[in-house]
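Residues per chain, in single letters:
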Amino acid sequence: MGKKLSGKDLIKLGFPKNNSINVTLGQINRYQKRVKKEKILIEAKKVLLNPEAYKGDGVWGKIAESLLDPVNVTKQKLNTHRAPFQIYGENEIDDQAKYQLFDALKLPISVAGALMPDAHVGYGLPIGGVLATKNAVIPYGVGVDIGCRMCLTIYPVKVSYLKGKKHQLENILLEHTKFGMYETHKIKHDDPIFERDEFKTIPLVKRLKDKAYKQLGTSGGGNHFVEFGVISILDINNEWDLPLGDYLGVLSHSGSRGLGANIAKRYTYLATKQCPLPKHVQHLAWLDLNTHDGQEYWLAMNLAGDYARACHDNIHKRISKLLGEKPIVKIDNHHNFAWKQEVNGEECIVHRKGATPAKKGELGIIPGSMTAPGFIVRGLGNTKSLQSASHGAGRVLSRRQCKTTLTQSAIKKELQNHDVSLIGGGIDEAPMAYKNIETVMKNQQELVEVIGKFTPKIVRMDR
DNA sequence: ATGTGC
């Protein structure tokens, strides 16, 4: 009732008639909804008089920045030329995914790009896309599931265990992994990550802390899984001096749950507001890393990545305890993330949206499907791929196509043929929905070398 | 991938 803060109030206070008004109203509306107008105006005046002192503040930092350095939101144009790029396994990649990369390579911030052999169409950057940019980060270049990653632990246990204790292992997955949107652990688990400053200093992240707490160690849905299988070590020069042969392995694939999803959503929205692009590429909107929002996204993205790691660690720790065995090897890697990395001698932001980092000697995991093997790989540091490799086999059938062309009985038969037992798993995650992983691996021999193989035997997914 | 707060 006339109590709501308006632009006029701010002008009366002495605010300049530029975008600082909009920024201020936006921040207040978002984070100070329940604070009295009088109180807000007193604080706003202080910020107006000394914006320098408020730089970095969760709520007022962005306002201070808009006062110090008013931004002109100008429509960005695409270049007519493309930044240099490389495509791996081109024959296996559909044209739409290539066109998406080509568009991304025309952004004025783009330095170089690559397409991995499992690439397919996504929002903004294609899945399997790698893009290096100059001092800017594209939230949709990372993807909605920030820090989506793999984690593998290997146990010094005979593989006959998989058959002999099949029922017990199935029970571990059924009772002690959590899938789907709402399923959480009955007992709350803790983790040092919740002491991180970002949970206090970034208002959005603060609001997500409770949710993150509840979801720690859960897997979510989609293509996420936790599975037991056979690890075959194939490289005698492996980094753990393991004799060649078979071991019990636990492999997990999941990300940062609601925390990362909400961070992605918010900063994508902010990016599209600040960086208007032609309609067909609007999802490639970026945040300048010198701005408040850009820096905040970087911190929030890194937090979401670390949270995703904490989730996997929680899963593996609990399973290890239930097995009564300590892992002798642990390998893990993000495949939806952005890193600072040198490209052609200058520091760039390298986005990998469904791509495995593959610096020289860097270890990673490339999963196949629930019936096809995954691979433990060692990066070869190929600069043409921006030191990256595929993050899996890649889809051949869309989720919709799966539902219309596949049957439950065909999936059941496929699982039986490979001696795989499945708990959960929808028709859209059928093994037939994925490309042949052997072909994908062949198409990236210049990018990674294989150390070992993972053959899934007991798989748990959402349903 | 997530889930109803721009």
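Here the structure is a predicted model, which is why all the values come from computation and not from measurement. (Residues numbered from 1 in each chain as written. Chains lettered and ligands numbered in written order. Predicted model: local features only at pLDDT ≥ 70, side-chain atom pairs only at ≥ 80, totals over all residues. Heavy atoms only, no water.)

Trainee: How should I be thinking about the overall build of chain A in this particular structure?
Mentor: Counting its secondary structure elements, chain A contains 16 helices and 17 strands. Expected size for 463 residues packed as a compact globule is a radius of gyration near 23 Å; at 24 Å, chain A falls within 12% of this value. Its C-alpha atoms give chain A principal-axis dimensions of about 75 × 55 × 45 Å. Each of the 463 residues in chain A was classed as buried or not, and the buried ones make up 57%. In chain A, the proportion of contacts linking residues at least 24 apart, taken out of those at least 6 apart, comes to 76%. Looking at chain A as shown, the accessible area adds up to about 21300 Å², and 50% of this sits on carbon and sulfur atoms. (Helix = DSSP H or I, 4+ residues; strand = E, 2+ residues; numbered from the N terminus. Rg over C-alpha atoms; globule rule 2.2 N^0.38 Å. Buried < 20%, exposed > 50% of the residue type's maximum accessible area, 1.4 Å probe, protein only. Contact = heavy atoms within 4.5 Å. Areas by Shrake-Rupley, 256 points an atom, 1.4 Å probe, with all protein chains shown as cover.)

Trainee: Looking at this model, I keep getting lost on unusual backbone geometry. Mind explaining?
Mentor: Note: most peptide bonds trans; most residues except glycine with negative phi. Residues other than glycine seldom take positive phi values, yet Asn344 does so here, at roughly 50°. The topology assignment puts Asn344 in the loop between β10 (336-343) and β11 (346-353). Within the chain, Leu386 stands out as a residue other than glycine whose phi angle is a positive 55°. Using a relative accessible area of 4% as the deciding quantity, one classes Leu386 as buried.

Trainee: Explain the protein's contact with DNA strand B here, please?
Mentor: Near DNA strand B you find 17 residues, and of these Met181, Gly221, Gly222, Asn223 and Arg399 are the closest. Counting only the atoms of DNA strand B that lie within 4 Å of the protein, the sugar and phosphate share comes to 57%. Within the side chain of Arg257, a nitrogen or oxygen atom sits 3.1 Å from a phosphate oxygen of DNA strand B. The contact in question runs from a phosphate oxygen of DNA strand B to an N or O atom on the side chain of Arg399, over 2.9 Å. If you list the elements that add at least two residues to the surface near DNA strand B, you get α11 (209-215) and α12 (257-274). The element contributing the most residues to the surface near DNA strand B is α12, with four residues. Here the surface near DNA strand B is composed, by residue class, of four nonpolar, seven polar and six charged. (Near = heavy atom within 4 Å. Polar contact = N/O pair within 3.5 Å; in protein donor to acceptor, adjacent residues only side chain to side chain. Nonpolar A, V, L, I, M, F, W, Y, C, P; charged D, E, K, R; others polar.)

Trainee: Would you explain the domain arrangement of chain A in this entry?
Mentor: As a measure of interface size, the accessible area lost when the parts come together is often cited. As assigned here, chain A comprises domain 1 (7-68) and domain 2 (149-254 + 304-330 + 357-461). Domain 1 and domain 2 are separated by 46 Å when their C-alpha centres are compared. (Domains from an automatic or database assignment.)

Trainee: Would you explain the side chain of Thr218 in this entry?
Mentor: With respect to the helices and strands, Thr218 occurs in the loop between α11 and β6 (225-233). Note on Thr218: relative accessible area 0%, which makes it buried. Only 2.8 Å separates the side chain of Thr218 from the side chain of Arg257, close enough to count as a polar contact. In contact with Thr218, other than residues within four places in its own chain, are Lys178, Glu183, Thr184, His185, Ser254, Arg257, Cys311 and Ile315.

Trainee: Looking at this structure, how should I read the side chain of Asp293?
Mentor: Along the chain, the position of Asp293 falls in helix α13 (residues 292-323). Within the structure, Asp293 has its side chain in polar contact with the side chain of Gln274 (distance 2.5 Å). In this structure, Asp293 is in contact with Lys62, Tyr267, Leu270, Gln274 and Leu287, ignoring residues within four places of it in sequence.

Trainee: I'm lost on the packing of aromatic side chains in this one. Help?
Mentor: To describe a pair of aromatic rings, you give the distance between the ring centres and the angle between the ring planes. Scanning the model with the defined rule gives eight aromatic pairs in all. Residue placement shows Arg352 over the ring face of Trp339; its charged tip is 4.8 Å from the ring centre. Of note, Arg395 hangs over the ring of Tyr434, and the distance from its end group to the ring centre comes to 5.3 Å. (Phe/Tyr/Trp six-rings, centres within 6.5 Å; stacked < 30°, edge-to-face > 60°. Lys NZ or Arg CZ within 6 Å of the ring centre and 35° of its normal.)

Trainee: I tried to follow the pattern of salt bridges on my own but got confused; where do I start?
Mentor: Close approach of charged atoms allows side chains with opposite charge to pair. Evaluation of the coordinates by the stated rule reveals 21 salt bridges. One salt bridge connects Lys62 with Asp293, and the closest N-O pair in it is separated by 3.0 Å. With Lys62 in helix α4 (residues 61-68) and Asp293 in helix α13, this residue pair connects regions lying 231 residues apart in the sequence. The buried category is assigned to Lys62, whose relative accessible area is 12%. On the basis of relative accessible area, Asp293 is assigned to the buried category, the value being 4%. Here Lys98 makes a salt bridge to Glu90, at a shortest N to O gap of 3.5 Å. For Lys98, a relative accessible area of 8% gives the class buried. With relative accessibility at 40%, the residue Glu90 sits in the partly exposed group. (Salt bridge = Lys/Arg side-chain N within 4 Å of Asp/Glu carboxyl O.)

Trainee: For this particular structure, what's the right way to read α4?
Mentor: An α-helical segment advances 3.6 residues per turn. Residues three or four places apart therefore align on the same side. Burial analysis of α4 places six of its eight residues in the buried class, which makes it a mostly covered element. Taken together, the buried residues of α4 touch α2 (19-31), α3 (37-49), α12 and α13.

Trainee: What am I meant to see in the state of the cysteines here?
Mentor: Disulfide: a covalent bond connecting the sulfur atoms of a pair of cysteines. Using the criterion set out here, one finds zero disulfides in the structure. Sulfur of Cys275: no disulfide; nearest cysteine sulfur belongs to Cys348 and is 17 Å away. Looking at Cys275, the relative accessible area reads 3%, which means it is buried. (Disulfide = S-S within 2.5 Å.)

Trainee: Even after reading the chapter, I still don't get the nonpolar core, so can you show me in this structure?
Mentor: Side chains of a nonpolar character, in soluble globular proteins, are inclined to be buried together. In terms of nonpolar packing, the biggest core is built from 73 residues, with Phe15, Trp60, Ile146, Ile263, Tyr267 and Tyr297 touching the most fellow members. In terms of residues, this core owes the most to one element, α13, which gives nine residues. Three or more residues apiece are contributed to this core by two domains, here domain 1 (7-68) and domain 2 (149-254 + 304-330 + 357-461). Contact partners of Ile146, with chain neighbours within four places excluded, come to Ser256, Gly260, Ile263, Ala264, Tyr297, Met301, Ala304, Gly305, Asn336 and Phe337. Membership of the second largest hydrophobic core comes to 52 residues, among which are Ile233, Ala358, Ile376 and Met461. (Core = buried A, V, L, I, M, F, W, Y, C linked by side-chain atoms within 4.5 Å.)

Trainee: Any chance you could explain the pairing of strand β7 (residues 245-254) here in plain terms?
Mentor: The side chains of a regular strand alternate between both faces of the sheet. Extensive coverage of β7 is indicated by the burial of eight of its ten residues. When strand β5 (residues 149-155) meets β7, the two strands line up antiparallel, connected through seven bridges. Bridge pairing links Arg149 to Ser254 in β7. Here β6 pairs with β7 via nine bridges, running antiparallel. Residue pairing in the sheet places Val230 in a bridge with Leu248 of β7. (Pairing = 2+ DSSP bridges.)

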